[in-house]
Amino acid sequence: MEQVIAKGLSIESPPEIGDLFASIEERFKGKAEELIPMLQSVQRALGFLPEETLLRIARLTKLPAAKVFGTATFYSQFRLQPIGKNIVRVCRGTACHVKGSDRILGDIQDHLQLIPGQTTRDGLFTLGTVACFGSCALAPIMVINDSVHGSTNRAKALKLIDDIRTKKMG
Ligand code: FES
């Protein structure tokens, strides 16, 4: 285990982060304009950008940590949290909105105790939204992983989620 010290923070690094940064230091020169390619490399390797990796990138590029965090949160391609085992997405397009997708989304948020973009503590669900799935005739649409659930409603949506949780515990 190696330690990263940045602005008074002392963090134990899992070995894979140490290895990853060894290869990043080989591939990049540490220039400020390499910030986004570095963030992309870390996300490709780990699936998300742990806080520690942002602090390391700030140190490598000599950019303020606020700039690195700001960039990582500005672009939707980056995620600061790991993705859950199941991705639940609710359509917020006009056709789905008219048929109540906002209420479905609200119920799911309350049920899972998170907002879109977040992952449940147990790592089982990540919640997201999309502008339109292209299946407006079946509105409102909810997609869990690759399964499209059309003409859904609040009760059905919560049941689908609970069924996944029950299966995992069974
Ligand atoms: S608006 Fe939801 S699928 Fe098109």
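Keep in mind that this is a model prediction, so the values were computed, not measured. (Residues numbered from 1 in each chain as written. Predicted model: local features only at pLDDT ≥ 70, side-chain atom pairs only at ≥ 80, totals over all residues. Heavy atoms only, no water.)

A. Just the packing of aromatic side chains, in detail. All told, the structure shown has two aromatic pairs when counted by the stated rule. An angle of 85 degrees between the planes, with centres 6.5 Å apart, marks the rings of tyrosine 75 and phenylalanine 78 as edge-to-face. A residue is classified by how much of its surface remains accessible, and phenylalanine 78, at 8% relative accessible area, is buried. Within the aromatic cluster, the residues linked to one another by ring pairs are Phe74, Tyr75 and Phe78. Against the face of phenylalanine 21 rests arginine 56, its NZ or CZ located 5.0 Å from the ring centre. (Phe/Tyr/Trp six-rings, centres within 6.5 Å; stacked < 30°, edge-to-face > 60°. Buried < 20%, exposed > 50% of the residue type's maximum accessible area, 1.4 Å probe, protein only. Lys NZ or Arg CZ within 6 Å of the ring centre and 35° of its normal.)

B. The arrangement of helix 2 (residues 35–46) in detail. If you check helix 2, its first and last C-alpha atoms are 17 Å apart, about what twelve residues at 1.5 Å a residue would give, namely 16 Å. Along helix 2, the positions that sit buried rather than exposed are Leu35, Met38, Leu39, Ser41, Val42 and Gln43. Positive backbone phi, approximately 90 degrees, marks glycine 47, located one or two places after helix 2. (Helix = DSSP H or I, 4+ residues; strand = E, 2+ residues; numbered from the N terminus. Expected span 1.5 Å × (residues − 1).)

C. Expanded view of the environment of glutamate 34. Within the secondary structure, glutamate 34 sits in the loop between helix 1 (15–27) and helix 2. What glutamate 34 contacts, discounting residues up to four positions off in sequence, is Phe28 and Lys29. A polar contact is formed between the side chain of glutamate 34 and the backbone nitrogen of lysine 29, at a distance of 3.0 Å. (Contact = heavy atoms within 4.5 Å. Polar contact = N/O pair within 3.5 Å; in protein donor to acceptor, adjacent residues only side chain to side chain.)

D. Structural view of the sheet that holds strand 3 (residues 86–91). Strand order in the open sheet formed by four strands is 4-3-5-6, with mixed pairing between adjacent strands. The two strands at the open ends of the sheet, each matched to only one other strand, are strand 4 (125–130) and strand 6 (147–149). Going from strand to strand, the sheet's axes swing by 20 degrees on average, the running direction of each strand aside. Taken together, the three bridges between strand 3 and strand 5 (residues 142–144) define a ladder with antiparallel strand orientation. The residue of strand 5 that forms the bridge with valine 88 is isoleucine 144. (Pairing = 2+ DSSP bridges. Axes fitted to C-alpha atoms, helices over the stretch in contact; angles between N-to-C directions.)

E. Representation of the nonpolar core in the model. Leu39, Val42, Leu49, Ile57 and Val68 are the most contacted members of the largest nonpolar core, which has 19 residues in total. The set of elements that each furnish at least two residues to this core consists of helix 1, helix 2, helix 3 (51–61) and helix 4 (65–74). Discounting residues that sit within four places of it in the chain, leucine 49 has contacts with Leu39, Val42, Gln43, Leu54, Ala72, Phe78, Arg79 and Leu80. Counting residues in hydrophobic clusters, the runner-up holds 15 residues, among them Leu112, Phe125, Ile144 and Ile164. (Core = buried A, V, L, I, M, F, W, Y, C linked by side-chain atoms within 4.5 Å.)

F. Fine view of the domain arrangement of the chain. Looking at the assigned domains, one finds that the chain contains domain 1 (2–74) and domain 2 (86–169). Of note, the centres of domain 1 and domain 2, computed from C-alpha atoms alone, are 32 Å apart. (Domains from an automatic or database assignment.)

G. Just unusual backbone geometry, in detail. Between alanine 139 and the following residue, proline 140, the backbone shows a cis peptide bond with an omega angle of 0 degrees. Here proline 140 is to be found in the loop between strand 4 and strand 5. The backbone phi angle of asparagine 145 is positive, close to 55 degrees, even though this residue is not glycine. Position of asparagine 145 relative to the elements: it lies in the loop between strand 5 and strand 6. On the accessibility criterion, asparagine 145 (29% relative accessible area) is partly exposed.

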